[in-house]
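# Coordinate analysis (summary)
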Amino acid sequence: MTTATLTRGPAETARPGYSFRSTARMEWLKLRSVRSTSWIVLVFAAGMIGLSVLVLSHEHWATMAAADRAAFDPTNEGFTGLALVLGVLGVLAITTEFSSGMIRATFAAVPRRPMVLAAKAAVVAAVTLVAGEVLAFGAFAAGELVLRSPAPHATLGQPGVLRAVLMGGAYPCLIALIALGLGAIIRNTAAAISAVVGMLFVVPLILLPLGTSVQHSVGQFLPMLIAENSMTAVKPVAHSLSPGVGLAVLCGYAAIALVAGGWALARRDA
């Protein structure tokens, strides 16, 4: 009588889960493969440098009034509000996946949805911060180059100028992160972009008929006024937060939007 020996095969190995690093790498591949990413960065670059050149090349120092000369800020004049462009990038980084259905495959591969949003935030922050800072310094240099004498020129060594230029690159990055969080909550491209537009441009207009006291108390916490004061090197904007406090507030807005977005992703089905 023979005894059959049963050899137990190796236990099935569970599929290893994605780490944050591998998830971020996946998000980077997705972001750079989307054609709209390149176009948005190109539009942002052309707009930021082009408007800086356009605005400062048309400054006529000889015909300025004394009050205008005293308030003239060649650093601030070189930065025109284009943060909305990178805000669109932040929205598209997540809403396009919902509209195409790709988000189901993403969540199947990485079930921890808040980690997916965190990886997207890391990638969007890296791309927009690098693009923002490079173009902020480029816009500053181009603007100073076309600014005609005898108008005063700014240098990075002057008080407040380096801070203003750095904020010129950081502000669009923070708006992109806020937009990413709103996109995760709303999940619709048009609605999320409309929410970003409302936050940046509509809310300040709503405050206008409410009186100066409301404008001063509430307006100082709005992103546009924070950015305006933070990118000013000559004359601070009245009734506004200091640049350091303003930066902290914007970081807080971005953190709140992303935490809320992560919570919304975890609570709802794709």
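Conventions and cut-offs
- Residues numbered from 1 in each chain as written.
- Predicted model: local features only at pLDDT ≥ 70, side-chain atom pairs only at ≥ 80, totals over all residues.
- Heavy atoms only, no water.
- Core = buried A, V, L, I, M, F, W, Y, C linked by side-chain atoms within 4.5 Å.
- Buried < 20%, exposed > 50% of the residue type's maximum accessible area, 1.4 Å probe, protein only.
- Helix = DSSP H or I, 4+ residues; strand = E, 2+ residues; numbered from the N terminus.
- Contact = heavy atoms within 4.5 Å.
- Axes fitted to C-alpha atoms, helices over the stretch in contact; angles between N-to-C directions.
- Left-handed = near helix turned anticlockwise from the far one by under 90°.
- Nonpolar A, V, L, I, M, F, W, Y, C, P; charged D, E, K, R; others polar.
- pLDDT = per-residue confidence, 0-100.
- Patch = residues over 30% accessible without salt bridge, like charges linked within 9 Å, V, L, I, M, F, W, Y side chains within 5 Å.
- Areas by Shrake-Rupley, 256 points an atom, 1.4 Å probe, with all protein chains shown as cover.
- Salt bridge = Lys/Arg side-chain N within 4 Å of Asp/Glu carboxyl O.
- Expected span 1.5 Å × (residues − 1).
- Parallel < 35°, antiparallel > 145°, perpendicular 65-115°, else oblique.
- Disulfide = S-S within 2.5 Å.

With 65 residues, the main nonpolar core has Met-48, Phe-79, Tyr-171, Leu-177 and Leu-180 as its most contacted residues. At 15 residues, the largest contribution of residues to this core is made by helix α8 (residues 161-186). In this structure Leu-177 touches Ala-121, Val-124, Ala-125, Ala-254 and Leu-258, once residues within four positions along its chain are discounted. Counting residues in each nonpolar core, the second largest holds six residues, with Leu-56, Met-64, Phe-72 and Ala-151 among its members.

Let us now look at unusual backbone geometry. The peptide bond linking Ser-149 to Pro-150 adopts the cis configuration, its omega dihedral lying at 10°. Mapped onto the elements, Pro-150 comes out in the loop between α7 (113-146) and α8. If you check the backbone angles, Arg-187 has positive phi at about 65° while not being a glycine. Following the sequence through the fold, Arg-187 ends up in the loop between α8 and α9 (189-207). Residue classification places Arg-187 among the buried positions, given a relative accessible area of 16%.

It is worth spelling out the side chain of Thr-75 at this point. If you trace the backbone, Thr-75 turns up in helix α4 (residues 74-77). We classify Thr-75 as buried; its relative accessible area is 1%.

Okay, the packing of helix α5 (residues 83-100) against α8 next. Packing of α5 against α8 leaves a shortest axis separation of 7 Å and a crossing angle of 35°. Along this stretch, α5 crosses α8, giving a crossing that reads as right-handed. Residues Ala-83, Leu-86, Gly-87, Gly-90, Val-91, Ala-93, Ile-94 and Thr-95 of α5 lie in contact with α8, whose contacting residues are Tyr-171, Pro-172, Ile-175, Ala-176, Ala-179, Leu-180, Gly-183 and Ala-184. Grouping the constituent residues of the contact of α5 with α8 by class yields 12 nonpolar, four polar and no charged.

With that settled, the discussion passes to the confidence of the model for the protein. Residues with a pLDDT of 70 or more make up 92% of the protein, whose mean pLDDT is 86. Segment residues 1-15 is flagged for pLDDT under 50; beyond a separation of four residues in sequence, or across chains, it makes two contacts in the model.

Among the surface-exposed residues, Phe-201, Val-202, Ile-206 and Leu-210 lie close enough to one another that they form a single nonpolar patch of about 340 Å² accessible area. Looking at the secondary structure, you find Leu-210 in the loop between α9 and α10 (212-219).

This part takes up helix α12 (residues 243-267). Taking 1.5 Å of rise per residue, the 25 residues of α12 would be expected to cover 36 Å, and the 36 Å separating its terminal C-alpha atoms lies within 8% of that figure. Summarising the contacts, the buried residues of α12 are in contact with α5, α6 (102-109), α7, α8 and α11 (223-230).

At a minimum axis separation of 11 Å, α5 and α7 run at an interaxial angle of 150°. Taken together, the axes of α5 and α7 lie roughly antiparallel to each other. α7 is crossed by α5, and the crossing has right-handed handedness. Note on element contacts: α7 touches α5 through Leu-117, Lys-120, Val-124 and Thr-128, opposite Leu-86, Leu-89, Gly-90, Ala-93, Ile-94 and Glu-97.

The bond known as a disulfide is covalent and runs between the sulfur atoms of two cysteines. Scanning the model with the defined rule gives zero disulfides in all. No disulfide involves Cys-173; its sulfur sits 8.6 Å from that of Cys-251, the nearest cysteine. Relative accessible area serves as the criterion here: at 6%, Cys-173 is assigned to the buried category. Overall, the relative accessible area of 37% leaves Cys-251 in the partly exposed class.

What follows concerns the pattern of salt bridges. Pairing is possible between side chains of opposite charge, provided their charged atoms come close. In this structure the tally under the stated criterion is four salt bridges. Between Glu-27 and Lys-120 there is a salt bridge, with the nearest N and O atoms lying 2.7 Å from each other. One end of the pair, Glu-27, is in helix α1 (residues 20-33); the other, Lys-120, is in helix α7, and 93 residues separate them in sequence. Pair check on accessibility: Glu-27 and Lys-120 agree, each one buried. Across the pair Glu-97 and Lys-120 runs a salt bridge whose closest N-O atoms are separated by 2.3 Å. With Glu-97 in helix α5 and Lys-120 in helix α7, this residue pair connects regions lying 23 residues apart in the sequence. Both residues of the pair, Glu-97 and Lys-120, count as buried. Connected through shared salt-bridge partners, Glu-27, Lys-30, Glu-97 and Lys-120 make up one network.

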